[in-house]
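Fold and geometry: a report
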Amino acid sequence: MFRKRKGTTLRTAHEKGTATSGFSQAAGSGEQAALRQLKLVRESLADSKAEDTVFIDIAGKSALADHMVVASGRSNRHVTAVCDRLISELKDAGYGTPRVEGLATGDWVLIDAGDVIVHVFRPEIREFYNIEKMWQTPEIADEKLH
């Protein structure tokens, strides 16, 4: 049974001097931070057995992020589990809480982690939208069209 000792008060980590920053060294900024975040996403998706994972470099194509990742889960439940794990690992690594859409249904989940945007689909939904095809279009040279 828990007993509170008379005369003691609870103190926060800040009061004790043991508080640490909300962001780990993994966060940071720039290209190296984006690559560390992409590595974490890659490892998390592999550990969760995500399927048909595609990595797309969108730096220069979009101001939204530097990298896009598209993967599939076998079912709604698998998609949700893959995404829950990834969100947890991003938080634990100090990247903050990513913005998430679609987690409740598990058909198509979008995780915006800042430098990396992750889409996890059920296979039928992924085939229908085929978003990786749109982002993997070849670069068009900056020439005048007559």
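Residues numbered from 1 in each chain as written. Predicted model: local features only at pLDDT ≥ 70, side-chain atom pairs only at ≥ 80, totals over all residues. Heavy atoms only, no water.

**Side note on the overall build of the protein**
Of the regular secondary structure elements, the protein holds five helices and five strands. The order of helices and strands in the protein, counted from the N terminus, is α-α-β-β-α-β-β-β-α-α. Counting only residues that meet the buried cut, the protein has 34% of its 146 residues in that class. Taking the intrachain contacts of the protein between residues at least 6 apart in sequence as the baseline, contacts between residues at least 24 apart amount to 59%. When the accessible area of the protein is evaluated, it comes to approximately 10200 Å², of which 52% is carbon and sulfur surface. (Helix = DSSP H or I, 4+ residues; strand = E, 2+ residues; numbered from the N terminus. Buried < 20%, exposed > 50% of the residue type's maximum accessible area, 1.4 Å probe, protein only. Contact = heavy atoms within 4.5 Å. Areas by Shrake-Rupley, 256 points an atom, 1.4 Å probe, with all protein chains shown as cover.)

**A few points about the side chain of His 78**
In this structure, His 78 sits in helix H3 (residues 76-92). Owing to a relative accessible area of 10%, His 78 belongs among the buried residues under this scheme. With sequence-adjacent residues up to four places away left out, His 78 is seen in contact with Ser 48, Lys 49, Ala 50 and Gly 73.

**Brief notes about the environment of Arg 122**
Summarising the element assignment, Arg 122 is placed in the loop between strand S5 (116-121) and helix H4 (123-129). Those residues in contact with Arg 122 that sit more than four places away from it in its chain are Gly 73, Ser 75, Asn 76, Val 79, Gly 106 and Asp 107. Polar contacts involving the side chain of Arg 122 include one to the side chain of Asp 107, which spans 2.6 Å. (Polar contact = N/O pair within 3.5 Å; in protein donor to acceptor, adjacent residues only side chain to side chain.)

**What to know about the sheet that holds strand S2 (residues 67-72)**
Reading across from one edge, S1-S2-S5-S4-S3 is the order of the five strands in this open sheet, with mixed pairing throughout. The open sheet has two free edges, formed respectively by strand S1 (51-57) and strand S3 (99-101), since each of these has just one partner strand. If you compare each strand with its neighbour and ignore which way they point, the axes differ by 10° on average. Pairing between S3 and strand S4 (residues 108-112): three bridges, direction antiparallel. Looking across to S4, one finds that Glu 101 is bridged to Leu 110. Those strands touched by helix H2 (residues 31-47) are S1, S2 and S5, and its axis lies near 5° from that of S2. (Pairing = 2+ DSSP bridges. Axes fitted to C-alpha atoms, helices over the stretch in contact; angles between N-to-C directions.)

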